[in-house]
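What the coordinates show
What follows is each chain in one-letter form.
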Amino acid sequence: GTKTTLVGQFTIGGMTCAACVNSVEGILKDLPGVKRAVVALATSLGEVEYDPNLINKDDIITAIEDAGFEGSLVQ
Ligand code: 9UX
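Bear in mind that the values here come from a model prediction, so they are computed numbers and not experimental data. (Residues numbered from 1 in each chain as written. Predicted model: local features only at pLDDT ≥ 70, side-chain atom pairs only at ≥ 80, totals over all residues. Heavy atoms only, no water.)

1. Observations concerning the site of the ligand
Around the ligand, the structure places Thr 16, Cys 17, Ala 19, Cys 20 and Phe 69. Split by residue class, the shell around the ligand holds four nonpolar, one polar and no charged. (Near = heavy atom within 4 Å. Nonpolar A, V, L, I, M, F, W, Y, C, P; charged D, E, K, R; others polar.)

Shown next, in the form of structure tokens:
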């Protein structure tokens, strides 16, 4: 069938070095349904492309929080 993906933007608080960025990107990319994740240290922003049939924005925020950072949705 047709592939469906959405793109969500999140603020990720608490990242202070490049290794934090790599860690958060790795965690996001390992989530089921996440196709792409790009995280920027300077802006504290993350962009995640995901399949809404497999994961939702709240799940993504929970994963960010579980990794020890503060995640919130960019409206
Ligand atoms: Mo860098 Mo981030 O030394 O949790 S990995 S601060």
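2. Considering the pairing of strand E1 (residues 6–13)
For E1 and strand E3 (residues 45–50), the ladder comprises six bridges, and the chain directions are antiparallel. Note that in E3 the partner of Thr 11 across the bridge is Leu 45. Sheet analysis places E1 next to strand E4 (residues 70–73), joined by four bridges and oriented antiparallel. Among the inter-strand pairings, Ile 12 is bridged to a residue of E4, identified as Gly 71. (Pairing = 2+ DSSP bridges. Helix = DSSP H or I, 4+ residues; strand = E, 2+ residues; numbered from the N terminus.)

3. Thoughts on the sheet that holds strand E2 (residues 34–40)
Taken in spatial order, the four strands of this open sheet run E2-E3-E1-E4, and their pairing is antiparallel. Two strands lie at the open edges of the sheet, namely E2 and E4, each paired on one side alone. Averaged over all neighbouring strand pairs, the angle between strand axes comes to 25°, with direction disregarded. In the packing of helix H1 (residues 18–30) onto the sheet, the strands contacted are E1, E2 and E3, and the crossing angle to E2 comes to about 165°. (Axes fitted to C-alpha atoms, helices over the stretch in contact; angles between N-to-C directions. Contact = heavy atoms within 4.5 Å.)

4. Digging into the pattern of salt bridges
Using the criterion set out here, one finds three salt bridges in the structure. Among the ionic pairs, Glu 49 bridges to Lys 35, the shortest N-O distance being 4.0 Å. You can see Glu 49 sitting in strand E3 and its partner Lys 35 sitting in strand E2, a full 14 residues away along the chain. Accessibility expressed as a relative area gives 14% for Glu 49, which makes it buried. On the accessibility criterion, Lys 35 (58% relative accessible area) is exposed. (Salt bridge = Lys/Arg side-chain N within 4 Å of Asp/Glu carboxyl O. Buried < 20%, exposed > 50% of the residue type's maximum accessible area, 1.4 Å probe, protein only.)

5. Describing the nonpolar core
The nonpolar side chains of a soluble globular protein tend to be buried, and buried together. Core analysis: the biggest nonpolar cluster contains 19 residues, and Met 15, Leu 28, Val 48 and Ile 60 have the highest contact counts within it. Breaking this core down by element, the ones donating at least two residues are E1, H1, E2, E3 and helix H2 (57–66). (Core = buried A, V, L, I, M, F, W, Y, C linked by side-chain atoms within 4.5 Å.)

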